[in-house]
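So the chains spell out like this:
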Amino acid sequence: MEIIRGTTQKPATSELLAAVTTDAFGSEDGVLYIGYPILSSADGRETIDALWISKDRGLIAIQMIEGREVGNFEESQDELASLLEAKLLPHRVLKAGRHLKSPPRTITFAPLATELYTDDNYILANKETIIEAIKGIEWTTPELYEPSLSIIQSISTIRKTLSPRKITREQSHGSALKALEDSIANLDSRQSQAVIETVDGVQRIRGLAGSGKTIILALKAAYLHAQNPHWKIAVTFNTRSLKNHFNHLIDTFVRDQTGSRPNENLQVINAWGAPGGATRTGIYYQFCAENGATYFDFRSAKAKYGFDGAFRGVVEAALNEVPHPRKLFDAILVDEAQDFDPAFLRMCYASLDEKRRLVFAYDELQSLTESSLPPVEEIFGLREDGTAEVALPLNADGSSSHDIILEKCYRNSRPILTTAHALGFGIYRDVDPKLGTGLVQMFDRPELWEEVGYEVEAGALRDNHQVTLVRPTRSSPEFLEAPGQVEPLLQKIQFPSELDQAQWVASQIEKNLREDDLRPEDIIVINPNPLTTNRQVGPIRKILFERGIQSHVAGVDTDSDIFFKPEEGSVAFTGIFRAKGNEAGMVYIVNAQDCFESFSGVGRVRNQLFTAITRSKAWVKILGHGPNMAKLTEEIEKIEANDFKLNFKYPDAPLRKKLRVVNRDRSADEQRALRRSKSSLSDMAADLAAGRLQPEDFSKEDIDLLKKLLGP
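All figures in this text were calculated on a predicted structure; none of them were measured in a lab.

Cut-off values and rules
- Residues numbered from 1 in each chain as written.
- Predicted model: local features only at pLDDT ≥ 70, side-chain atom pairs only at ≥ 80, totals over all residues.
- Heavy atoms only, no water.
- Patch = residues over 30% accessible without salt bridge, like charges linked within 9 Å, V, L, I, M, F, W, Y side chains within 5 Å.
- Areas by Shrake-Rupley, 256 points an atom, 1.4 Å probe, with all protein chains shown as cover.
- Salt bridge = Lys/Arg side-chain N within 4 Å of Asp/Glu carboxyl O.
- Lys, Arg positive; Asp, Glu negative; His and termini not counted.
- Charge placed at Lys NZ, Arg CZ, Asp CG, Glu CD.
- Helix = DSSP H or I, 4+ residues; strand = E, 2+ residues; numbered from the N terminus.
- Buried < 20%, exposed > 50% of the residue type's maximum accessible area, 1.4 Å probe, protein only.
- Contact = heavy atoms within 4.5 Å.
- Pairing = 2+ DSSP bridges.
- Axes fitted to C-alpha atoms, helices over the stretch in contact; angles between N-to-C directions.
- Disulfide = S-S within 2.5 Å.
- Phe/Tyr/Trp six-rings, centres within 6.5 Å; stacked < 30°, edge-to-face > 60°.
- Lys NZ or Arg CZ within 6 Å of the ring centre and 35° of its normal.
- Parallel < 35°, antiparallel > 145°, perpendicular 65-115°, else oblique.
- Left-handed = near helix turned anticlockwise from the far one by under 90°.
- Nonpolar A, V, L, I, M, F, W, Y, C, P; charged D, E, K, R; others polar.

We now examine a negative patch on the surface. On the surface, D43, E46, E75, D78 and E79 cluster together to form a negatively charged patch. Here the negative patch gets three residues from one element, more than from any other, and that element is helix α2 (residues 73-88). Within the secondary structure layout, E75 lies in helix α2.

Here you go:
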């Protein structure tokens, strides 16, 4: 039995209920929610004190009373039952005719009560009788457990809002995707905990791509808003194409819980923002506007701080300009935190009231370094007394409501996810003779592999030890591989030319739409290089247009906030940045040869490939041309030959440091400096070899320094 703790006004009775039920029913399969769900009524919204959903006992709504007076508990139970039935009745799976197959039961739990009562409709129990009262309830329809849980968690509402699929045959791609979506019916315990358990202070949620972070933040925002409609809550993110998705999810979840749309206190806003009203505002803009700080738009920020440092520069400048900022929000939720500089999180933290409710979610592997963000002590700094401004305290059992790790991945199947990791880290890349390894990057903390769902099959996760890592079904459920029965989950193809690639992709998309029961929004075509996407996807789009198929480049042919255009039947093309945060059943990665290696930093292009692959819910096609595609194909074949396991020698600390230096992402300024230095060094070597320069032409100090830096 899992216990998920939401906000409650009856903490003592809630803890007593949790304790006695854990002792008596801890081995049963079910969830005890405290302070959840919130239900809409004619008088507004009502929070159920506790709800137990169990395969053995069904749904039991529990009213709690902390004093001795129980009042008209029968009337309260009638109201509870009515509200709960109103939520369940619209769902056919739970109904027989006009009524619920198995109506919920109700109990009033008053630990100090001396007068007790039990009949077929009402139960009043105290701390001595609550166990026997619950044991007296049995459920004869355990098959309704999963759908009941899905409805209570609001997950079922996501499926209701999806556009319907037209399925023409059982073994089609569309049929496989529908089965997959139906299988992902419920939140697991970690996800439920992340949604409902709200803490004062900072809460960190870590998880892989596909672990449900965006859904969790949307559900959490809806739950906080439903509980506290007067709170000012901001939800922000890095990828602008996520904005519509967030708005849709939060609106759906709030209406499901309260029966009405969210009010103006709940804002889904950009991180940067600009003047122009609710659709353009952002965290940084509001901070400047409300505190009188100097505001920079992107153009002026780029001129002052450079392209790569623009946002960090303006945020740090604003924080320095306003030492004591005004409190703007009661809670801020940040998605894709790995894409922000820590200064932005400090700005969010500084904009909160004294409770400091900051929730930030990020992907451990998006940047493929030790951690995509520094530790919270480093992000938020120290107080005057030397203690950390922010800590993530542990519970007595070692868990933490402040630091939640989502180890399951519900988007990517095991073969797809391990392929993404193997390519991203360079696990089977040819050995670089300068480094003695093919690895591109590696976690400094080996245990992070296990925290994100891998298991050690052989060897050890220790420096200089060989290790084999696998993803068990616990963290990569088997049902995610079912679409492989329709078509292989992973394909890699090297084409003779870019034109051959374009013709093949266009033909496949036409087949997907006309024969495979896929919808346009089931398909994404990703060109990893964001700077060349519009030009490089042109030939494919031209062929599609000639065949009567609409397409668009997200953020170019659409508003920045829009990614898919299902109402127009248009297929989405995108560069890697706008692909982040989005997903589809079929993903075509074109020109993947650009991700094999790069002058700008192999880590950057490997991360692009990792991100592109993990956009897929089912099938991935890694496509390209030229010699680098041949090498990339060979690397993928090694992954397949190793049965999608990661087999490598864990690098020691000095090698990890070299990997970070040699394979790091280089800024545009660093790339220009490197080109100049390489050119000068080549010229000098040529002049020395030709005798145009002599070693004596250089100072001894310069020669000694070069020897020291370059080594023997």
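What follows covers the environment of L688. Tracing the backbone through its elements, the reader meets L688 in helix α24 (residues 668-690). The partly exposed category is assigned to L688, whose relative accessible area is 34%. Along the backbone, L688 and S551 are 137 residues apart, and their C-alpha atoms lie at a distance of 56 Å. Residues in contact with L688, not counting those within four places in the same chain, are L693, Q694, P695 and F698.

Here we come to the sheet that holds strand β26 (residues 646-649). Read across the open sheet, the three strands follow the order β18-β19-β26; overall the sheet is antiparallel. Whereas interior strands pair on both sides, the edge strands pair on one side only; in this sheet they are β18 (455-459) and β26. For this sheet, the mean angle separating the axes of adjacent strands, direction not counted, is 25°. Where strand β19 (residues 466-470) meets β26, four bridges bridge the pair, whose relative direction is antiparallel. Considered in β26, the bridge of L469 is made with L646.

Before going further, it helps to spend a moment on the state of the cysteines. Note: disulfide means a covalent bond formed between the sulfur atoms of two cysteine side chains. Counted under the stated rule, the structure contains zero disulfides. No disulfide involves C288; its sulfur sits 13 Å from the nearest other cysteine sulfur, which is in C348. The closest cysteine sulfur to the non-disulfide-bonded C595 is located on C409, 20 Å from its own sulfur. In this structure C595 comes out as buried when scored by relative accessible area, which is 0%.

This part covers the packing of aromatic side chains. By the definition in use, this model includes 26 aromatic pairs. On the numbers, 6.4 Å between centres and 55° between planes, the contact of F311 with F340 is tilted. With F311 in helix α12 (residues 310-321) and F340 in the loop between β15 (329-334) and α13 (342-350), this pair connects stretches of sequence that are 29 residues apart. What makes F311 buried here is its relative accessible area of 17%. Connected via pairs of aromatic rings, a cluster forms that spans W272, Y284, Y285, Y295, F298, F307, F311, F340 and F344. When the ring centre of Y454 is taken as origin, the NZ or CZ atom of R471, which lies over that ring, is 4.9 Å away.

As a further point, take the packing of helix α10 (residues 283-291) against α12. Running from amino to carboxyl end, α10 crosses α12 at an angle of 30°, the nearest separation of the two axes being 11 Å. One finds that α10 runs roughly parallel with respect to α12. Crossing geometry of α10 relative to α12 is assigned as left-handed. Contacts between α10 and α12 involve Y284, F287 and C288 from the former and F311, V314, V315, A318 and L319 from the latter. Classifying every residue of the contact of α10 with α12 by side-chain character gives eight nonpolar, no polar and no charged.

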